[in-house]
Amino acid sequence: MHFTRAAARLFVSQPSLSQQIRAFEADLGVPLLNRGGPRFTLTEAGRVAAEEARALLDRLERARGLIAAAGRGDTGRLRIAYTRSAPGPLAVDLVAAYRELHPGVEIELETGWTVLNLARLEAGEIDACFVRPPVDHHGVDVVVVGTEEVLIALPSGHRLARRRGRLGRAEIAKEPVVFWPRENGPGQYDTISRQVWPDGVPEIVREEPEDEQLMRAVADGAGVAAVPEHRARALRMRGVVLRRLDNPVPRVDLGLARRSGPASPVVNALFELANSRA
């Protein structure tokens, strides 16, 4: 309620401030100030104008903050697909760390397998996905976020199930095998095959689309299977014994994939975190 002090706070001259208020009144068609007394006062319209102005300035500051947060990747939506062969900490811990760093980002999670995840990524249905490298897919960038050992699942009544140490590859070289279809994840399939059965995969007696059915087939005595450690231990079931192989220890990687080229700030933030933890 003081023109001189108000003009000083706004870094304008007092006459300029008076002119701007009069111009505003002319634009609105109503007076904002009572100028008849020794001290001016706000009209009812002036009081509403002051309240609305404060609300607008608050909203402007909030908008500025939201815009800046979106640019940093602190707000928005992120659609991620896990791969069902990796239920362990490699993927889960990365997503948890991202949540902690970016609590304002809405995360939508689902589960698929490498080939399906890549197809959905290419179609724009998800923003990022976990896959089993190597991945030969045009237009996709992959960062490896971790590695895990491959274990051998044996029927509990198998002669090798009583062994406490690591198994030699020669001991399982002719055992019937339960595997999942190669088309679900060619890279992982070939990587496991080369490391576990360097002389070629023996007879595959059953193919199961998911690791849970694969482990049940092992429990039923159909054959042996090679399963990533975290998945194997998560599915630990009666009738199955897990054993390690001799050196060189077979391992598979877990990767995080996104479409190549420019990406949204939320996707960039996820991959920056993944690279920092790799």
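For the structure, see preceding data.
Residues numbered from 1 in each chain as written. Predicted model: local features only at pLDDT ≥ 70, side-chain atom pairs only at ≥ 80, totals over all residues. Heavy atoms only, no water.

> I'd like a rundown of the packing of aromatic side chains, residues and numbers included.
Taken as a whole and judged by the stated rule, the model has 6 aromatic pairs. Geometrically, the ring pair formed by Phe 179 and Tyr 189 is stacked, given 4.2 Å between the ring centres and 20 degrees between the ring planes. Separated by 10 residues along the polypeptide, Phe 179 in strand 7 (residues 177-179) and Tyr 189 in helix 7 (residues 186-196) bring together distant segments of the chain. Tyr 189 gets classed as buried once you look at its relative accessible area, which sits at 11%. Grouped by ring-pair contacts, the aromatic residues Phe 179, Trp 180, Tyr 189 and Trp 197 constitute a single cluster. In this arrangement the basic side chain of Arg 258 is found over the ring face of Phe 271, its NZ or CZ atom lying 4.7 Å from the centre. (Phe/Tyr/Trp six-rings, centres within 6.5 Å; stacked < 30°, edge-to-face > 60°. Helix = DSSP H or I, 4+ residues; strand = E, 2+ residues; numbered from the N terminus. Buried < 20%, exposed > 50% of the residue type's maximum accessible area, 1.4 Å probe, protein only. Lys NZ or Arg CZ within 6 Å of the ring centre and 35° of its normal.)

> Could you give an account of helix 5 (residues 114-122), naming the residues involved and the relevant values?
Every α-helix winds through 3.6 residues per turn, so residues three or four apart in the chain are directed the same way. Taken residue by residue, helix 5 has Thr 114, Asn 117, Leu 118 and Leu 121 as its buried positions. On an axial view of helix 5, the arc spanned by its buried residues comes to 100 degrees, and they lie on one face. Residues of helix 5 that are buried in the fold lie against strand 3 (76-83), strand 4 (105-112), strand 5 (128-131), strand 6 (140-155) and strand 11 (251-259). A positive backbone phi angle near 80 degrees is found at Gly 124, which sits one or two residues after helix 5. (Arc of directions from axis to C-beta. Contact = heavy atoms within 4.5 Å.)

> Please set out the nonpolar core residue by residue, giving values where relevant.
Core analysis: the biggest nonpolar cluster contains 32 residues, and Ile 152, Ile 172, Ile 192, Val 196, Trp 197 and Met 215 have the highest contact counts within it. At 5 residues, the largest contribution of residues to this core is made by strand 6. With residues up to four places along the chain from it excluded, the contact list for Trp 197 reads Ile 172, Ala 173, Val 177, Phe 179, Ile 192, Pro 202 and Ala 226. Residues Ile 80, Tyr 98, Leu 254 and Ala 269 belong to the second largest nonpolar core, which totals 24 residues. (Core = buried A, V, L, I, M, F, W, Y, C linked by side-chain atoms within 4.5 Å.)

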